[in-house]
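A look at the structure
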Amino acid sequence: MRVMVFVKATEDSETGLPPAEDMTPMFEAMHKFNEDLANAGILLAGDGLQPSSKGKRVAFDGPNRTVIDGPFAEARELVAGYWLWQVRDMDEAVEWVKRCPNPMMGPSDIEIRPLYEIEDFGDAATPELREKEAALRAKLEG
């Protein structure tokens, strides 16, 4: 089972990076946690995201596209970082998140969401589509 693990943004994370001396212990703890994930064969990808003030959104309405510059409201609804994990089940993902050092200077939240797999689409995923999906994944994995 693949899951996306979201580190939710905070008001502090949306202001940018704090002074380096404040971040060193957190970076060291997070590096150790990421090493543990990698050594367990769980970590597929992960990174921190810059504040939404440096981002853009593209709003879709039929054929129209509207570009919206950040920052975006409601920091608690934004994502500050992510991991992509391969786990046995949601319980394993929760256990790993509980081991995670606090990713923020103050209170924070981490959200775990399963990714759709081709099998989740039942009969809508025809044999031809499943074959194409398998070929695309093989290409992406090198």
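Predicted model, so just to flag it, every value in this text is computed and none were measured.

Here the focus is helix H3 (residues 90–99). For H3, the set of buried residues is Glu92, Ala93, Trp96 and Val97. Down the axis of H3, the buried side of the element spans an arc of 135°, and every buried residue falls inside it. Opposite the buried face of H3, by more than 90 degrees, sit the exposed residues Asp91 and Lys98. Of the surrounding secondary structure, the elements contacted by the buried residues of H3 are strand S1 (2–8), helix H2 (20–39), strand S5 (79–86) and strand S6 (110–114).

Here Thr10 shows up in the loop between S1 and helix H1 (11–15). Those residues in contact with Thr10 that sit more than four places away from it in its chain are Ala75, Met104, Pro107 and Ser108.

What follows is about the pairing of strand S4 (residues 64–69). Examined bridge by bridge, strand S3 (residues 56–61) and S4 share six bridges and lie antiparallel to one another. Bridging from a neighbouring strand, Asp61 pairs with Asn64 of S4. Connecting S3 to the antiparallel partner S4 that follows it, the hairpin turn spans two residues, and Gly62 within it adopts a positive phi of roughly 60°.

Cut-offs used in this document
Residues numbered from 1 in each chain as written. Predicted model: local features only at pLDDT ≥ 70, side-chain atom pairs only at ≥ 80, totals over all residues. Heavy atoms only, no water. Buried < 20%, exposed > 50% of the residue type's maximum accessible area, 1.4 Å probe, protein only. Helix = DSSP H or I, 4+ residues; strand = E, 2+ residues; numbered from the N terminus. Arc of directions from axis to C-beta. Contact = heavy atoms within 4.5 Å. Pairing = 2+ DSSP bridges.

These values are about where atoms sit, not about what they do.
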